[in-house]
Amino acid sequence: MKKLLFVITALLAIAARAQVTEAVASQVAVTDSDAFFPQLYLGAPRHMLLYSSYEAARLMLKPLDGTGSAQVVSDTGFPGFSGRFTPDGKVCYVTMQRGEGNLIYRTGHLFDPATGRDKVVLKPQHGAVKAIVGSKGVAIVGEKKSWNLKKAGLLCWTQGPNLYVARDGKVRTLHPVSGVTGYLWSSISPDGSKIAFVAAGKGLYVCDLNGKVISELGLFLMPCWLGNNHIVAMSNSGNIRLTGSRIYMMTVDGKRLDILVDNARAIQPATVGNTVVYTTREGQVHWLKVNVDNDK
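All chains use their own residue numbering, which begins from 1 and follows the written sequence. Confidence filtering applies because this is a predicted model: local features only for residues at pLDDT of at least 70, side-chain atom pairs given and counted only at 80 or more, and all residues used for totals across whole chains, interfaces and linings. Hydrogens are left out, water is left out, and the side-chain values use all remaining heavy atoms of the structure.

Description of the overall build of the chain
This is how it is decided: Working definition: helices are DSSP H or I runs of at least four residues, strands are E runs of at least two. Numbering for both runs from the N terminus. Accessible area is worked out with a 1.4 Å probe on protein chains only. A residue is then buried under 20% of its type maximum, exposed over 50%, and partly exposed in between. What makes two residues a contact is simply this: any of their non-hydrogen atoms within 4.5 Å. Using a 1.4 Å probe, accessible areas were evaluated by the Shrake-Rupley method; residue-level cover was limited to the displayed protein chains.
Scanning the chain from terminus to terminus reveals two helices and 25 strands. Relative to its full complement of 296 residues, the chain shows a buried share of 52%. For the chain, long-range pairs separated by at least 24 residues make up 37% of all intrachain contacts whose partners lie at least 6 apart in sequence. A total of about 14100 Å² of accessible surface is found on the chain, and carbon and sulfur atoms cover 52% of it.

And the structure:
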């Protein structure tokens, strides 16, 4: 079993290249197993890393203070795809299982790391079910029923050819890009004014909350906000397992594009505040803090 390991490496070159006032080193977490789909919780009582096995068969949680071993959140129903931290450090996630008529049913869960208690908050239903981070909390959104949608505040998600935006439980459907078969990886900027998303076959876009396109940024995957005027995303290089990927940072207007992580193995970025977390094709999690000029 590998132990948690922190390795500090200087990133001064990034500060010179990008609109960055400070890039405060990169930390590497070697977990008990390969780690994919990483998410960070940087709050009280301690910082935690949420991650999954490559095929999403097991969802794991590990403290980042070097104490304690990895905790199994769930190892049934492929829970690793949609694990998300709530503002108070609990974990929302979705499992799936075959039901009547050989149909796939999905269930929403809330896990408390402090007690180890797992609670079903959304009963099994056929169709898509996702854990979505909103401005006030996390909702588990289903095609038929949802949990915590009203209390989660402002949030957005995608389903097939639709981009949905909800504010305090009221849902609107947007179609910002014509002629696309679907949308992926949507998220709202911290100030609640813009949506970043990927239009299948066309690339990364930014629109306002009414669906008006603000910018088209090119072929990228898994975009996430770093402040209100910058987006972090991984490159779209076809077969990523063979050709690799890098992590980029770009301005919303598309006028500046910089390599944030110059490593062809870097994939699956996510952000929390000014911290970027990502993993590699081998399943090694890294994160770094990035402070950007004039990003309010």
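A short note on the nonpolar core
So the rule is basically this: Buried Ala, Val, Leu, Ile, Met, Phe, Trp, Tyr and Cys residues form a nonpolar core when they are joined through side-chain atoms within 4.5 Å.
In this structure, Val-232 and Leu-260 are the most contacted members of the largest nonpolar core, which totals 18 residues. When contributions to this core are tallied by element, the ones reaching two or more residues are β19 (220–225), β20 (230–235), β21 (247–251), β22 (257–261), β23 (266–272), β24 (275–280) and β25 (285–292). Each residue touching Val-232, except ones within four places of it in the same chain, is listed here: Met-222, Pro-223, Cys-224, Leu-226, Ile-247, Tyr-248, Met-249, Leu-260, Pro-269, Thr-271 and Val-276. Leu-154, Leu-163, Leu-174 and Val-177 belong to the second-largest nonpolar core, a separate cluster that totals 15 residues.

Topic: the pairing of β20
The following threshold applies: Here, a strand pair is defined by DSSP locating no fewer than two bridges between the strands.
The buried fraction of β20 is high, at six of six residues. For β19 and β20, the ladder comprises four bridges, and the chain directions are antiparallel. The residue bridging Leu-221 from the neighbouring strand is Met-234, located in β20. The loop that links β19 with its antiparallel partner β20 comprises four residues; one of these, Gly-227, has a positive phi angle of about 75°. Examined bridge by bridge, β20 and β21 share five bridges and lie antiparallel to one another. For Ile-231, the partnering residue across the bridge sits in β21 and is Met-250.

Brief notes about the pattern of salt bridges
To keep it simple, the criterion reads: For this analysis, a salt bridge means a side-chain nitrogen from Lys or Arg found within 4 Å of a carboxyl oxygen belonging to Asp or Glu.
Enumeration over the complete set of coordinates arrives at six salt bridges. Asp-168 serves as the salt-bridge partner of Lys-136, at 3.8 Å between the closest nitrogen and oxygen. With Lys-136 in the loop between β10 (129–133) and β11 (138–142) and Asp-168 in the loop between β13 (162–167) and β14 (170–174), the pair connects residues that are 32 residues apart, well separated along the chain.

Thoughts on the environment of Asp-168
Given a relative accessible area of 36%, Asp-168 falls into the partly exposed group. Taking C-alpha positions, Asp-168 is 7.0 Å from Leu-149, a pair spaced 19 residues apart along the chain. If we ignore the near neighbours within four places in the chain, the residues touching Asp-168 are Lys-136, Lys-150 and Gly-153.

Quick notes on unusual backbone geometry
For the bond running from Ala-44 to Pro-45, omega is 5°, close enough to zero to count as cis. Residue placement: Pro-45 occurs in the loop between β2 (36–41) and β3 (48–52). With a phi angle near 65°, Asn-148 is a residue other than glycine that sits in the positive phi range. Tracing the chain through its elements places Asn-148 in the loop between β11 and β12 (154–159). Of note, Gln-268 is a non-glycine position whose phi angle comes to about 55°, a positive value. Relative to the assigned elements, Gln-268 resides in strand β23.

A look at the sheet that holds strand β18 (residues 213–218)
Defined as follows: What counts as an axis is a line fitted to C-alpha atoms, over the stretch in contact for a helix, and the angles between N-to-C directions run from 0 to 180 degrees.
Pairing in this open sheet of four strands is antiparallel, and the strands run β15-β16-β17-β18 from one edge to the other. A single partner strand is all that each edge strand has here, and the edge strands are β15 (183–188) and β18. Between one strand axis and the next, the sheet turns through 20° on average, direction left out of account. For strand β17 (residues 203–208) and β18, the ladder comprises four bridges, and the chain directions are antiparallel. Counted as the bridge partner of Val-206 is Ser-215 from β18.

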